[in-house]
Amino acid sequence: MFFRKPTREEQIHGGPPLEFERPIPPAPWRGITVVITILVIAATVAWELYARWLGYSPTINDNEDLWTMARRKVQPESIVIIGDSRAWFDCDLDEFQKGLGKRPIQLAMPGSTVYPALADLADDKNFHGTIICSFVPMLFFAPPGSPPMERAEKTVKRSHNQTPAQRVSEYLGIWLEEHVAFLKPDDLSLEGFLNRLPIPNRPGARVPPTFPPYFGTEDRERRARMWEKCAEPGSELAKQIQQIWLPLFTPPPPPSYIPPDVFMAGMKEGIQKRFADVTAAIEKIRDRGGKIVFVRFPHSGGLKELEDKIMPRQQSWDPLLQMTKAPGIYYSDFPELSGFNCPEWSHLTAGDSVEFSRRLVPHLRQALKL
Amino acid sequence: MLFNSLTFVVFYVIVTTLYWSFRGWELRKNLLVVASYIFYGAWNPPFAALLFSTTAMDFWLGRKIGKSQTHSAKKRWLVASVCMNLSMLGFFKYGNFLLLNFQWLLARVGIIYQPPHLDILLPVGISFYTFHSLSYTLDIYRGVLQPTRSLRDFILAVSFFPQLVAGPIVRAGDFLPQLHHPPRLKTNQFFWGLALMTLGLFEKIVLADTLLAGPADRIFGYPGPLVALDSWAGVLAFAGQIFFDFAGYSITAIGAALTLGFHLKDNFRFPYAAIGFSDFWRRWHISLSTFLRDYLYIPLGGNQVRPFRMAINLVIVMFLGGLWHGAAWTFVVWGLLHGSYLVIERVIRIFFENKTWAGRPITRVVAGFATYGAVCIAWVFFRASDFTVASRMLTGMFGGHPNGDMILTTRELLQIGLVTAGVISMHWAMREESFETAVIRMPAWAITAIGSVMAFAIIFTQGTSNAFIYFQF
């Protein structure tokens, strides 16, 4: 029942303050709430069962707060893994711990540029540990303002500005994600559903690239493992992701509003600047007694062909090692590191990542003079 | 703490359960004070001290105003309160802005001055709680409110967590009387409050963040020229985003307050069905527009002055309203645009108000859409990071970039079109009534169905805890 219907003047504001009460629409609100609760619980349980039927299982989702949680664990002499999703999927922390004597901290961020994390460690005056840095040219040289750069900057910024509320939300979120399978924002959310609608775009539209669907799990240490459904030989999911990598790793055409020659000159300048910035950051770390090693992780198929064509080793990897004077491990230089199959062309399966890490350890020890 | 976060869900459940479990009213009020400071301190604990100091000062100044025997003494204490509040706001919010503009002015007369960059972190919601607090001393001075004897009650009036950081701007005079007697737990009120919270979170998480924020951000962040369709789509997306974001916050706040037995007034009343700009400001951010009306426009003379002076007053009020939103000239231009709209509307009224065709439905609809279009044009300045972006957007909207880029997907265009059509239709359908009266007409099964869809959509969307736009103000 209405307590009292407020006048129009009061509804708008400025009515007598003592007499103001919000109207409550007369309806069986208790019953409505009970029925809504039952329906929503039923729908949520059904959605959860459907997600599990599709093969999804509960796993933590990667986000800025999880990275921040890992970043907080970095001690002055820690071994830290930075870079992109290849370092994230392909490094097994147990094998590294066995071989290197310390459990590394996983700070690689999928789909991101490594520089912001490297600069953050360089600016951390306490840090003088060891860095294992993945190198994927298209991500490594991503210009300022590009999604890989923005993603990394946003994440690093969060680690400095995280509020107590965000910290608590992260712990609660982890607990939920470890128990609920449908919590997969990339796939099983409204946005994921809308993204998959088969609606053709306008010819000539410069629309953002499609990102791969969910294909990996992650634990509290940010150790990623490829989902079995993707790892199966010839799986449909792996084939689908292969076709997503190609446009994603193909440089977009120069913007219409900048003359192509000016744009290309800017890109070249940007690459030189990135080399210089990375070198400066590494020098800072070295001055404090820290070490770094670059690693080129396995990739294969059409993606390898594309990467080699766009950024040949002679124009990216070789100058990087030359300028930074850092050791590097290029997987194809070593027979024991070659020959791994990446089902979706970019990452190793969970099983292969363990074997690869075991074989990588002696090379890391040698490069880092451990 | 964000309403759309897991932390808030846990916080709210604990606070509400404890609140209704406690018998003593004083104990409950103490609980709300502690909870509100935890809510605020969860962003940045030291700023809770700033909130407390502002509140304590205004409490003390309010008593001084109340006790003063002469008008001049009252005025002195009021000036002290206004200066204290505005200087706090000025330092934290406008410090760097003022320095940069001072540097620019000096450069115009040939003096090169490099000001130090003040590394000032803006306390979240400072514009809101400053106004909550300031309303207290202003109303005591105006003689419409007696100073409260309880510092704790005043602290609660300023910091009550549902409305603390993003409004509605609840005047102390509206809230303090509600602290005199303990509210009873009324079942329908409690569940209606929960229903409002669900609606508010649906607006924020599903409509604002998931359907509109992405395209709006991409369009306003794109560094190149855009064709008219994409430019307009970006602006319409932002118009919808800011409404659902802010109205969603307000409704959640009103709902949360209701579940605790408190009544907050409406902050929005279907603004995109406004016919004219006076009407728009009676429907959009009502708590701010009435604050500016009562404490600024009316003291400046309001409508009781000559037309030219009234026009100047309107522009001054909207100029300050724009500046209240942010320390940037783009916000000032947004405010000045609205000030100009209001002046133009008054002029049009003088000439056409008595014409028979002016009251015809078709005229009203056309006027309504013209209002919406003009409001959208003003939103360009509100959202653009600088005038280069604003100028590029406006040029694109009016066909100045026929060969510009198309960057939205067809799906996003459809999404924006459907949500925009939906919000405008809803606002027109309900423009003459309150939300509650619209709900009354609905059968219980329809309320249940809509409530269930909204609650499940919130879960299905798996929001990412994006901050509310108005937090930055």
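Residues numbered from 1 in each chain as written. Chains lettered and ligands numbered in written order. Predicted model: local features only at pLDDT ≥ 70, side-chain atom pairs only at ≥ 80, totals over all residues. Heavy atoms only, no water.

Student: Before we go on, may I ask you to explain the domain arrangement of chain B in this structure?
Tutor: Many structure descriptions define interface size as the accessible area lost when the parts assemble. Residues and elements named next belong to chain B. According to the domain assignment, chain B consists of domain 1 (6-173) and domain 2 (189-472). Summarising the inter-unit geometry, the C-alpha centres of domain 1 and domain 2 are found 26 Å apart. Contacts between the two partners involve 34 residues from domain 1, matched on the other side by 34 residues from domain 2. Both sides together, the interface formed by domain 1 and domain 2 hides about 2900 Å², and carbon and sulfur atoms give 71% of it. Linking domain 1 to domain 2 there are one salt bridge. Our count for the contact surface shared by domain 1 and domain 2 stands at eleven residue pairs in polar contact (both at pLDDT 80 or more). Put simply, the parts of the chain that give the side of domain 1 that touches domain 2 at least two residues each are α1 (6-21), α2 (25-41), α4 (71-108) and α5 (126-142). (Domains from an automatic or database assignment. Contact = heavy atoms within 4.5 Å. Buried area = accessible area lost by both parts, 1.4 Å probe. Salt bridge = Lys/Arg side-chain N within 4 Å of Asp/Glu carboxyl O. Polar contact = N/O pair within 3.5 Å; in protein donor to acceptor, adjacent residues only side chain to side chain. Helix = DSSP H or I, 4+ residues; strand = E, 2+ residues; numbered from the N terminus.)

Student: In this structure, what is going on with the packing of helix α3 (residues 64-72) of chain A against helix α8 (residues 147-161) of chain A? I would like to understand it.
Tutor: Angle between the axes and distance between the axes: these two values describe a pair of packed helices. All names here are of chain A. Put simply, α3 and α8 touch, their axes get as near as 9 Å, and they point 60° apart. When the axis of α3 is compared with that of α8, the two are oblique. The crossing of α3 and α8 is right-handed. Residue-level contacts link Glu 64, Asp 65, Trp 67, Thr 68 and Arg 71 of α3 to Lys 154, Thr 155, Val 156, Arg 158 and Ser 159 of α8. (Axes fitted to C-alpha atoms, helices over the stretch in contact; angles between N-to-C directions. Parallel < 35°, antiparallel > 145°, perpendicular 65-115°, else oblique. Left-handed = near helix turned anticlockwise from the far one by under 90°.)

Student: Got a minute to help me understand the packing of aromatic side chains in this structure?
Tutor: Two numbers describe a pair of aromatic rings. These are the distance of the centres and the angle of the planes. Overall, the coordinates contain 79 aromatic pairs over all chains when judged by the stated rule. With centroids separated by 5.3 Å and ring planes inclined at 85°, the aromatic side chains of Trp 317 of chain A and Tyr 330 of chain A adopt a geometry described as edge-to-face. Remark: Tyr 330 of chain A occurs in strand β7 (residues 328-330) and Trp 317 of chain A occurs in helix α15 (residues 317-324); sequence separation between them is 13 residues. We note that Trp 317 of chain A, like Tyr 330 of chain A, is buried. Plain terms: the ring middles of Phe 8 of chain B and Phe 39 of chain B are 6.1 Å apart, the flat faces sit at 75° to each other, and that makes the pair edge-to-face. Note that Phe 8 of chain B is positioned in helix α1 and Phe 39 of chain B in helix α2, a separation of 31 residues in sequence. The exposure class of Phe 8 of chain B is buried, given its relative accessible area of 3%. The residue whose ring lies beneath Arg 28 of chain B is Tyr 19 of chain B, and the NZ or CZ to ring-centre distance is 5.2 Å. Residue placement shows Lys 93 of chain B over the ring face of Trp 324 of chain B; its charged tip is 5.4 Å from the ring centre. (Phe/Tyr/Trp six-rings, centres within 6.5 Å; stacked < 30°, edge-to-face > 60°. Buried < 20%, exposed > 50% of the residue type's maximum accessible area, 1.4 Å probe, protein only. Lys NZ or Arg CZ within 6 Å of the ring centre and 35° of its normal.)

Student: Any chance you could explain helix α12 (residues 307-325) of chain B here in plain terms?
Tutor: Residue pairs spaced three or four apart in an α-helix point in one direction, given the helix's 3.6 residues per turn. Residues and elements named next belong to chain B. Spanning 19 residues, α12 covers 27 Å between terminal C-alpha atoms, matching the ideal 27 Å at 1.5 Å per step. Listed in full, the buried residues belonging to α12 are Met 310, Ala 311, Asn 313, Leu 314, Val 317, Met 318, Gly 321, Gly 322, Leu 323, Trp 324 and His 325. Tucked into the core, α12 has its buried residues touching α4, α5, α10 (277-281), α11 (286-297), α13 (329-352) and α14 (361-383). (Expected span 1.5 Å × (residues − 1).)

Student: Explanation requested: a positive patch on the surface in the structure shown.
Tutor: Residues and elements named next belong to chain B. A grouping of Arg 63, Lys 64, Lys 67 and Arg 149 is seen on the molecular surface, where their side chains present a positively charged patch. Along the chain, Lys 67 falls in helix α3 (residues 45-67). Taking relative accessible area as the criterion, Lys 67 reaches 60% and is therefore assigned exposed. (Patch = residues over 30% accessible without salt bridge, like charges linked within 9 Å, V, L, I, M, F, W, Y side chains within 5 Å. Areas by Shrake-Rupley, 256 points an atom, 1.4 Å probe, with all protein chains shown as cover. Lys, Arg positive; Asp, Glu negative; His and termini not counted. Charge placed at Lys NZ, Arg CZ, Asp CG, Glu CD.)

Student: What exactly am I supposed to notice about the nonpolar core here?
Tutor: When a protein is soluble and globular, its nonpolar side chains tend to lie buried together. Core analysis: the largest hydrophobic core is formed by 242 residues, its most contacted members being Ile 82 and Phe 294 of chain A together with Phe 39, Phe 262, Tyr 272 and Trp 379 of chain B. Those residues in contact with Trp 379 of chain B that lie beyond four places of it in its chain are Phe 238, Ala 239, Ile 242, Tyr 272, Trp 284 and Trp 334 of chain B. (Core = buried A, V, L, I, M, F, W, Y, C linked by side-chain atoms within 4.5 Å.)

Student: Looking at this structure, how should I read helix α2 (residues 29-53) of chain A?
Tutor: Look at α2 of chain A: 35 Å from first C-alpha to last across 25 residues, which is about the 36 Å you get at 1.5 Å a residue. Within the span of α2 of chain A, buried status applies to Trp 29, Ile 32, Thr 33, Ile 36, Val 40, Thr 44, Trp 47, Glu 48 and Ala 51 of chain A. Residues of α2 of chain A that are buried make contact with α8 (187-221), α17 (435-440) and α18 (444-461) of chain B. Where α2 of chain A terminates, the next one or two residues include Gly 55 of chain A, which has phi positive at roughly 110°.

Student: What should I look at first to understand the interface of chain B and chain A in this one?
Tutor: Chain B puts 67 residues into the contact, and the matching count from chain A is 63 residues. Between chain B and chain A, the buried area comes to about 5800 Å², and carbon and sulfur atoms account for 66% of it. Of all residues in chain B, Lys 265, Phe 460 and Gln 462 of chain B bury the most surface against chain A, accounting for 12% of the area lost on that side. Between the two partners, chain B and chain A, sit four salt bridges. One salt bridge in this structure joins Asp 405 of chain B and Arg 206 of chain A, with 3.5 Å as the shortest N-O distance. For the pair chain B and chain A, the number of links is 19 residue pairs in polar contact (both at pLDDT 80 or more).

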